[in-house]
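# Report on the structure
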Amino acid sequence: MGLIDIIDEEVKVSPDHKTLIETVIQKAMEVEAVEDAEVSIVIVNEETIQQINAEYRNKNQVTDVISFALNDDEDEPVSEEMGNMLGDIIICYEVAEQQANDYNHTIERELGFLALHGFLHLLGYDHMNEEDEHKMNQKQEEILNELELYRD
């Protein structure tokens, strides 16, 4: 399987939550037939994700998850030194907590959803139109349901 590096800049994510995130990404790799890939997941606070969102997406606001795919630019292939590094997923823990409350489900379900959502973006899934959004939503529900991370 793949290598998943979780960096917790907030020191809030429990070991169980880190294991959950790894499990979700490993399951997604299995379902999507992704082998020997590497993904970095960084857990940050609202201030940090707002800065990243402003700098890289020109949106000066807090968000829940941002993905940076290394193979986004097809004209520039990923170097061999990078191996099969898919990219980075940045998750705001505070927003995850708030959204879990707002949607009346567990923080586990929300962290799993955000990690999976970010990972699928690294693989090229998107939600810019209705058809793509439906495809991405279907894949997310399939994987989360297999892991029994249901919406409440």
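Residues numbered from 1 in each chain as written. Predicted model: local features only at pLDDT ≥ 70, side-chain atom pairs only at ≥ 80, totals over all residues. Heavy atoms only, no water.

## Digging into the UniProt feature "binding site: Zn(2+)" (unreviewed entry) in the protein
Taking the numbering used here, the UniProt-annotated feature "binding site: Zn(2+)" (unreviewed entry) corresponds to His117, His121 and His127. Tracing the chain through its elements places His117 in helix 4 (residues 107–122). On the basis of relative accessibility, which here comes to 12%, the residue His117 falls in the buried class. Setting aside chain neighbours within four positions, we find His117 in contact with Val65, His127, Met136 and Gln140. Taking relative accessible area as the criterion, His121 reaches 23% and is therefore assigned partly exposed. (UniProt positions renumbered as here; feature names shortened; annotations may be inferred. Helix = DSSP H or I, 4+ residues; strand = E, 2+ residues; numbered from the N terminus. Buried < 20%, exposed > 50% of the residue type's maximum accessible area, 1.4 Å probe, protein only. Contact = heavy atoms within 4.5 Å.)

## As for the pattern of salt bridges
Scanning the entire structure with this criterion turns up 5 salt bridges. With a shortest N-O distance of 3.0 Å, Lys27 and Glu146 are connected by a salt bridge. Of this pair, Lys27 sits in helix 1 (residues 15–31) while Glu146 sits in helix 5 (residues 130–146), and the two are 119 residues apart along the sequence. The salt bridge partner of Arg109 is Glu141, with a shortest N-O separation of 3.0 Å. On the criterion of sequence distance, the pair formed by Arg109 in helix 4 and Glu141 in helix 5 is long-range, its members being 32 residues apart. Relative accessible area serves as the criterion here: at 2%, Arg109 is assigned to the buried category. (Salt bridge = Lys/Arg side-chain N within 4 Å of Asp/Glu carboxyl O.)

## Some thoughts on the pairing of strand 2 (residues 38–44)
With 6 of 7 residues buried, strand 2 is to be regarded as a mostly interior element. At this point the chain moves from strand 1 (residues 3–8), through helix 1, to the parallel strand 2, and the crossover so formed is left-handed. Where strand 2 and strand 4 (residues 85–92) come together, 7 bridges link them in parallel fashion. Counterpart to Val39 in the pairing with strand 4 is Gly87. (Right-handed = clockwise from strand over helix to strand, strands pointing away. Pairing = 2+ DSSP bridges.)

## Here we look at the packing of helix 4 against helix 5
Their axes nearest at 10 Å, the elements helix 4 and helix 5 cross at an angle of 135°. In this view, helix 4 runs oblique relative to helix 5, as classed from their interaxial angle. The two elements helix 4 and helix 5 cross, and the hand of that crossing is right-handed. Where helix 4 approaches helix 5, its residues Arg109, Gly112, Phe113, Leu116, His117, Leu120 and His121 are matched on the opposing element by Met136, Lys139, Gln140, Glu141, Ile143 and Leu144. Its residues placed into classes, the contact of helix 4 with helix 5 shows 6 nonpolar, 4 polar and 3 charged. (Axes fitted to C-alpha atoms, helices over the stretch in contact; angles between N-to-C directions. Parallel < 35°, antiparallel > 145°, perpendicular 65-115°, else oblique. Left-handed = near helix turned anticlockwise from the far one by under 90°. Nonpolar A, V, L, I, M, F, W, Y, C, P; charged D, E, K, R; others polar.)

## Quick notes on the environment of Val95
Along the chain, Val95 falls in helix 3 (residues 93–102). The spacing of Val95 and Asp16 is 79 residues in sequence and 19 Å in space, taken between C-alpha atoms. Look past the residues within four positions of Val95 in its chain and what remains in contact with it is Glu46, Val62, Thr63 and Asp64.

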